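Now for the letters of each chain:
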Amino acid sequence: MLRRVIDWLEERTGVETALHHFLYEDVPASAGWHQVLGSVALFALLTQIVTGILLAFNYAPVPGEAYSSIKYIMADLTAGSIIRGLHHWGASIMIIVVVLHMIQVFIWGAYKKPREMNWLVGCVLLLMTLVFGLSGYLLPWDNRAYWGTTVTTQIMSQAPVAGPYLLRLLGSEGGSIGVVTFVRFYAAHVLILPPLMMLLAVFHLYLLRRHGVTPVPRDAHLPKKKFFPQQVFKDTVATFVWFCVLVGMAIMVRVPLGHVADPTDTSFIPRPEWYFLFLFQILKIFEGPLEIVGSLVLPNLAIIFLFLVPFLDRGKMMKVQQRTGAVIVVLLAALTWGGLTARAVATTPPSVETDMSLVQPWQQIPVEELAAIGYFRKDNCGSCHVTGKAGAGPDLTQIVTTRPTDWLLDHFKQPVPNAAPSQLTALQMRGLAIFMAKRSDPALDAWTNAPESAVAGAIVYQGNQCGVCHQLNGTGGQLGPSLNGEGERRARAWLEGHFAEPTKFAPGSKMPPYKFNAQDLERITSYLMAIPKE
Amino acid sequence: MDREKTTRRGFYEFLIQGLGGIIGVGLAIPGVAYLLGTPKQRKKSDWVQAADVAQLPLQVPQEVVYHRTRVDGWRVVNEKTTAWVVKMDPQTVVAYSPSCTHLGCAYHWDDPSKNFICPCHTSAFSVDGKVLAGPAPRPLDRFVIRIDGSKLFIGSQIQKT
């Protein structure tokens, strides 16, 4: 039956002959493990396209919305964080694979006549891979994306003559980034680059087939092999290794989502993606009027050198063991790249930005509401009003009470006849009554999900009336600084010490000292550390 | 010699298909889960106060307009929504979902005939929601409701009959 279907297809399309042709291509006797990287790069590209399309199914390409939709993908969708992980880490791994592929071709001298054109196409493919990375970096629209891309566009604006035109093409006025730049990066990333890259990759493969896999000198005396099955097997094994690394990273290393892009945030330390860190570091070496040397001259010279390689080295094919010159060039380049990257990493302070895709509603509700949830729990209200379920009393997460405040306060004091007296103070009861009458959707989530330690911290915060002077999650006074994001700005020890002796840590501080007992200190510090920047 | 070559070839082919299969399935599983999985449900308050029962006329459906927050993907929207509310008798109130059970068109109350009429495929429903004519497969869907004193609360869940 299957045979008949295949025959029918073959007769009308010739697909079987074509496949046969493809698989039983001659390859030189020396072909082997060193030539598997091209296949891996192709699979990496295909996977980027598939995962990119999957992301696009739930991604809104507008600043702000883009950020919310990525958060939705990461926090709400099944396997969403894995799909984003596959796309994000897939991009990084693809760059490694593509560069290794280029190094192999370079060391073996596979760019020599008649394969110069394929080297050039390969160089363009490499650059396109990098532009993919650069344009994709902006799309999550978090601080990393915004500030990283700001630096990139500013560098482009330095280009002599072309600078202003480049900026206009990117929709950027004076190097700043707004809606127009954003959608242009998006258009480049999903409309221009993918089809262009596919076409070039096909051309790359066509040229490979036209000239064949590059032989070494002794291949002339040896019989040729077929592409299938031995070389296909090696390609498959290499692709499988790539697949294991990629899936492992996508599952185990969560791609963080920082705070939404904030042009007024002066505390953020912008860094490019790891593969561009060397360029970032070069900029530190060339200062003042020489800056353009590092930002544009050297990178462009390197690109020009890459394109000229087959025309600079025109000798006969040699054994790979004899290509010491090529090996030295690769080693020098690797050392330079590695040294610059290592230096850049070493001088980057560790990131303390909260991963916003992991932030729970209880971290974002006003402290009064979280403390009220604490009063509810402290007085065991949940033994009758079971949250999320029906109990002896109504499920208050489902039903807004319509009782007047006085009724509620009496009810708190004595919920049922002969009940044990309430442990709450009059102020706390009032807080609980306000919460009962009016609560937000995030507070409903927090009601069931907020951890006990955070709730306890909120009670300490309320009990000491920190909100009289400080803002937290949108409520409180303006006398002291806002406390959102303290955990991202300060170390725990700083906060703990500051409570007891404010002026020692912040000279001139007007805050009175607070001598908490060990338990309360632990609670309020943990709670404050958990509240992200707004 | 030839036989050894054949088994080795078979071994290669087996591994190529096996590893290729693992890669394909390994990427397809998260892809399918991502496309077909239900998004995490965010908790939200369900009841919206929509009308005053005391002011509803008996047996005459009222189109009640109220606002409800709804989670729409990554957005939480506060939107206008409607329900057809009927006080059947002083103790019983029903709130019908405003879409026809056939293909979801918005129906309306036709006062002369005392029926709900759907403009799309002329389904007709009685005041108690039963199908009188047309292609509608089941009676009108009802919102869950709660009456507290004389306040009518409408929930977001829909009961099908």
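Residues numbered from 1 in each chain as written. Chains lettered and ligands numbered in written order. Predicted model: local features only at pLDDT ≥ 70, side-chain atom pairs only at ≥ 80, totals over all residues. Heavy atoms only, no water.

Caption draft 1: Examining the overall build of chain B more closely. Secondary structure assignment for chain B yields one helix and ten strands. Overall, chain B shows an N-to-C arrangement of helices and strands of α-β-β-β-β-β-β-β-β-β-β. For chain B, the C-alpha radius of gyration of 27 Å lies well beyond 15 Å, the compact-globule estimate for 161 residues. Seen through its principal axes, chain B has C-alpha atoms that stretch 95 × 35 × 25 Å. Here chain B, with 161 residues, has 35% of them falling under the buried criterion. Within chain B, contacts between residues at least 6 apart in sequence are counted, and of these 41% link residues at least 24 apart. (Helix = DSSP H or I, 4+ residues; strand = E, 2+ residues; numbered from the N terminus. Rg over C-alpha atoms; globule rule 2.2 N^0.38 Å. Buried < 20%, exposed > 50% of the residue type's maximum accessible area, 1.4 Å probe, protein only. Contact = heavy atoms within 4.5 Å.)

Caption draft 2: Spotlight on the interface of chain A and chain B. Contacts between the two partners involve 43 residues from chain A and, on the opposite side, 35 residues from chain B. Between chain A and chain B the total buried area reaches about 3,600 Å² when both faces are included, carbon and sulfur atoms providing 67% of it. It is Asp 76, Phe 233 and Asp 441 of chain A that lose the most area in chain A upon contact with chain B, and together they represent 16% of the buried surface on that side. Between chain A and chain B we count one salt bridge in total. Note that Glu 65 of chain A and Arg 75 of chain B form a salt bridge whose closest N and O atoms lie 3.1 Å from each other. Contributions of two or more residues to the side of chain A that touches chain B are made by helix H3 (37-56), helix H4 (65-75), helix H5 (80-108), helix H10 (227-252) and helix H17 (441-449) of chain A. Considered class by class, the residues forming the side of chain A that touches chain B number 25 nonpolar, 13 polar and five charged. (Buried area = accessible area lost by both parts, 1.4 Å probe. Salt bridge = Lys/Arg side-chain N within 4 Å of Asp/Glu carboxyl O. Nonpolar A, V, L, I, M, F, W, Y, C, P; charged D, E, K, R; others polar.)

Caption draft 3: Main features of a nonpolar patch on the surface. Together, Val 297, Leu 298, Leu 301, Ile 304, Phe 305, Leu 308, Phe 311, Leu 312 and Val 329 of chain A give the surface a local cluster of nonpolar side chains, amounting to about 760 Å² of exposed area. Residue position: Leu 301 of chain A is located in helix H12 (residues 291-312). (Patch = residues over 30% accessible without salt bridge, like charges linked within 9 Å, V, L, I, M, F, W, Y side chains within 5 Å. Areas by Shrake-Rupley, 256 points an atom, 1.4 Å probe, with all protein chains shown as cover.)

Caption draft 4: Structural context of the state of the cysteines. Scanning the model with the defined rule gives one disulfide over all chains in all. Paired through a disulfide, Cys 105 of chain B and Cys 120 of chain B show a sulfur-sulfur distance of 1.9 Å. Disulfide Cys 105 of chain B to Cys 120 of chain B: torsion about the S-S bond roughly -95°, handedness left-handed. Placement of Cys 105 of chain B in the loop between strand S4 (92-96) and strand S5 (108-110) and of Cys 120 of chain B in the loop between strand S6 (115-117) and strand S7 (124-125) is noted, with a sequence separation of 15 residues between them. In this model Cys 469 of chain A remains outside any disulfide bridge; the closest cysteine sulfur is found in Cys 466 of chain A, 9.0 Å from its own. Accessibility expressed as a relative area gives 28% for Cys 469 of chain A, which makes it partly exposed. Lacking any disulfide linkage, Cys 100 of chain B is separated from the closest cysteine sulfur, that of Cys 118 of chain B, by 3.8 Å. (Disulfide = S-S within 2.5 Å.)

Caption draft 5: Summary view of the nonpolar core. Counting residues in each nonpolar core, the largest one holds 48 residues, and the members touching the most others are Phe 106, Trp 119, Met 197 and Trp 242 of chain A together with Tyr 34 of chain B. Listed by contribution, the elements that provide at least two residues to this core are H3, H4, H5, helix H6 (116-138), helix H9 (179-211), H10 and helix H13 (324-346) of chain A together with helix H1 (2-36) of chain B. Per-element tally for this core: the top contributor is H5 of chain A, with eleven residues. Apart from residues lying up to four places away in sequence, Tyr 34 of chain B is in contact with Leu 54, Leu 55, Asn 58, Ile 73, Leu 77, Thr 78, Ala 79, Gly 80 and Ile 83 of chain A. (Core = buried A, V, L, I, M, F, W, Y, C linked by side-chain atoms within 4.5 Å.)

It is worth stressing that arrangement in space is one thing and function is another; only the former is reported here.
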